[in-house]
Amino acid sequence: SSGINAEWPLRPGDMSSRILMTPSLILIWGFSDPIHPQLVLEAPEDIYCFKFNPTDPNIVAAGCINGQVVMWDISQYESRLRNHKNSGARANKTRSDMFDVEYQRSPVVHYAAVSSIDSSHKMAVMSMMWLPDTIEVARMGVPVENKTQASCQLITVGVDGNVMFWDIRLQKSTTTGLGGLGGGRKEKESTGDKSSIPATFSHLDLQWKPINVVPLTKLTGPGLHPGVTLSISQQLQNIKGRMQNLVLGNPPLIHRTNSSTTRQRPVEVEGVNTKFFAGTEDGYLIYTDWKAEKDPESGKLVSSKPAYCISSHAGPVHCLLRSPFYNHIIMSVGGWSLSIWKEGESEILQTSRSPVKFTAASWSLTRPGVFFIGREDGNIDVWDLMDRSHEPSMSQNISSSAITALEPYKVSSKQILLGVGDNFGTLHILEVPWSLRQPSPNELHSMAAYFDRECSRIDYYKDRDANRSQGGGDTGPTIPGVLETDEEEEERLKKSFNNYLNLEKDFLVKLGLKGQDDPVDLLH
């Protein structure tokens, strides 16, 4: 986001060691001052996840331990963040305000809105993401065209087993995009003073409800799968272009949208992939659809049933990440293993069981075959599939506690940073070396060919198993259905051994080591 190089939430770790009542905060840091955070976002409950709006980074959404969703508007602090970022380029110059007491005091930003607790998740919100600015989701999960060109909807998944869709706009025809969210902002800056809270989301506070709920139903038996993370098919080229405009100093979209424009009637978009993956707390990978389907019996629209539900990990699925180079390739991490999947097909790669649990993961931003895995012992494994696929290429110790999150950041073509969060609430910034950021020749095509070969190999084994089950191939040794007597078993073994001796003679005759008339000592 604008003026921010790294950000990290203070997530709860070992609750037994955190009995003291401490405020739940999100700290926003800048590299020019690694001691004092630039902003402190105050939350009503412990935060488990948060995301900046991709088209307007002044909007921040977060999920709480009690199932509520929280929103912040930090637009009134934008100049502070931008000035602090620009000061990094003048690192050689002495800054007087770095030692100023008022400057060092980080502003505390109170949340602007929180969702209705009755309509929110009943358990912790474990993951969230903003929908891309190209589409939005209407009721019953129908994808429609987003004419505002602003990300105004987000998806959350909770341990209660529900996936919820939220819209941050007024649900009236007189609003459009992010500009008609409320009245004017109060410009006064204050540390924790609620009178300075912008009115951007005043219409949502304690009244915010999801527009669509998708349950993660079990294929067998009653109940829901406790959700942990999710992954949707999305194309972010347009968002990245607009983010570049924000970095260059163009005004954010929330200030440029005309609130007087009437929202046009939504047009359903054809060809949008509405299916998504969800990882659960019990190690399952679910592939389902957020678009409602018609019940053949009643004719009513009901939530879609999962296409498949696979027990893929011996523990919670912590991460579901799509490759930045191949939209159909997904990596899942959980328990003691990681898997790579191809959307619409089965698992194409699974590692052997690790001695330590995996807790976080991230793809490389520049190399298609490289990804990073965080472990419970504080180490980071670096996997390079161009080098080897059965074990990590290297391992680096970062902390004495579990790695909780990994986030890469591309500063330039010559510098890539990796943000690492641990269970102590500490943020580590690492620099990725040249060998792990510079792709090898034709690496993009080589990795695509590798994934295709793995898919072909799996299809071959599936076809072979199907033929064997239908009796069309070698089905292996026949197991007798009735117990044999000792005499019958001895006779069967003699016959089998004599067949072996005859095959051996034929082989030796072909080699010229025996004649055709040479006798064979058969068992009698």
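What you are looking at is a predicted structure, and each value in this text was computed from that prediction instead of being measured. (Residues numbered from 1 in each chain as written. Predicted model: local features only at pLDDT ≥ 70, side-chain atom pairs only at ≥ 80, totals over all residues. Heavy atoms only, no water.)

**Student:** Please set out the overall build of the protein residue by residue, giving values where relevant.
**Tutor:** Check the secondary structure of the protein and you find seven helices and 31 strands. Taken over 524 residues, the protein has a buried fraction of 46%. Counting contacts in the protein only where the partners sit at least 6 residues apart, residues at least 24 apart contribute 60% of the total. (Helix = DSSP H or I, 4+ residues; strand = E, 2+ residues; numbered from the N terminus. Buried < 20%, exposed > 50% of the residue type's maximum accessible area, 1.4 Å probe, protein only. Contact = heavy atoms within 4.5 Å.)

**Student:** How would you summarise the pattern of salt bridges if you had to cite specific residues and measurements?
**Tutor:** Evaluation of the coordinates by the stated rule reveals 16 salt bridges. Its salt-bridge partner being lysine 275, residue aspartate 289 comes within 3.9 Å of it at the nearest N-O pair. Of this pair, aspartate 289 sits in strand E17 (residues 284-289) while lysine 275 sits in strand E16 (residues 275-280), and the two are 14 residues apart along the sequence. Between aspartate 465 and arginine 464 there is a salt bridge, with its nearest N and O atoms 4.0 Å apart. For aspartate 465, a relative accessible area of 41% corresponds to the partly exposed category. Since its relative accessible area comes to 29%, arginine 464 is described here as partly exposed. It is possible to trace a salt-bridge network through shared partners that takes in Glu136, Asp167 and Arg169. (Salt bridge = Lys/Arg side-chain N within 4 Å of Asp/Glu carboxyl O.)

**Student:** Give a description of helix H7 (residues 486-510) that names residues and reports values.
**Tutor:** Here H7 contains 25 residues, and its C-alpha end-to-end distance of 37 Å stays within 8% of the 36 Å for a straight helix at 1.5 Å per residue. All of the buried residues in H7 are Asn498, Leu501 and Lys505. Positive backbone phi, approximately 80 degrees, marks glycine 512, located one or two places after H7. (Expected span 1.5 Å × (residues − 1).)

**Student:** Got a sec to walk through the side chain of threonine 148? Specific residues and values, please.
**Tutor:** For threonine 148, the location among the structural elements is in the loop between strand E11 (143-145) and strand E12 (153-158). At a separation of 2.6 Å, a polar atom in the side chain of threonine 148 contacts the side chain of asparagine 146. (Polar contact = N/O pair within 3.5 Å; in protein donor to acceptor, adjacent residues only side chain to side chain.)

**Student:** Report on empty space enclosed by the protein, specifying residues and quantitative values.
**Tutor:** Scanning the model with the defined rule gives two cavities of 30 Å³ or more in all. The space that makes up the second largest cavity amounts to roughly 40 Å³. Taken together, Ser364, Leu365, Thr366, Phe372, Pro408, Ile416, Val432 and Leu436 form the lining of the second largest cavity. Taken together, the residues of the lining of the second largest cavity break down into six nonpolar, two polar and no charged. (1 Å grid on protein atoms, 1.4 Å probe; cavity = no way out; pocket = protein on both sides within 12 Å on 5 of 7 lines; lining within 4 Å. Points joined across faces, edges and corners; volume = space filled by probe spheres on them. Nonpolar A, V, L, I, M, F, W, Y, C, P; charged D, E, K, R; others polar.)

**Student:** Can you break down the state of the cysteines residue by residue, with the values?
**Tutor:** One pass over the structure, following the stated rule, counts zero disulfides. Left unpaired, cysteine 49 is separated from the closest cysteine sulfur, that of cysteine 64, by 8.6 Å. Residue cysteine 64 is classed as buried on the basis of its relative accessible area of 0%. (Disulfide = S-S within 2.5 Å.)

**Student:** Just give me the short version of a nonpolar patch on the surface, but keep the residues and values in it.
**Tutor:** On the surface, Phe497, Tyr500 and Leu523 cluster together into a nonpolar patch covering about 300 Å² of accessible area. For tyrosine 500, the position within the fold is in helix H7. A relative accessible area of 46% places tyrosine 500 in the partly exposed class. (Patch = residues over 30% accessible without salt bridge, like charges linked within 9 Å, V, L, I, M, F, W, Y side chains within 5 Å. Areas by Shrake-Rupley, 256 points an atom, 1.4 Å probe, with all protein chains shown as cover.)

**Student:** Summarise the nonpolar core; cite the residues concerned and give the values.
**Tutor:** In this structure, Met331, Val333, Leu338, Ile340, Phe371, Ile373 and Phe451 are the most contacted members of the largest nonpolar core, which totals 21 residues. Those elements that provide at least two residues to this core are strand E22 (329-334), strand E23 (337-342), strand E24 (347-350), strand E25 (358-363), strand E26 (370-375) and helix H6 (443-469). For this core, the element with the most residues is H6, which contributes five residues. With sequence-adjacent residues up to four places away left out, phenylalanine 451 is seen in contact with Tyr326, Ile329, Ile340 and Ile348. (Core = buried A, V, L, I, M, F, W, Y, C linked by side-chain atoms within 4.5 Å.)

**Student:** Describe in detail unusual backbone geometry, supporting the description with residues and values.
**Tutor:** If a residue is not glycine, its phi is most likely negative; likewise, a peptide bond is most likely trans. Its identity is not glycine, yet glutamine 149 carries a phi of approximately 55 degrees, on the positive side. Mapped onto the fold, glutamine 149 is located in the loop between E11 and E12. The backbone phi angle of asparagine 442 is positive, close to 60 degrees, even though this residue is not glycine. Its location among the elements puts asparagine 442 in the loop between helix H5 (434-437) and H6.

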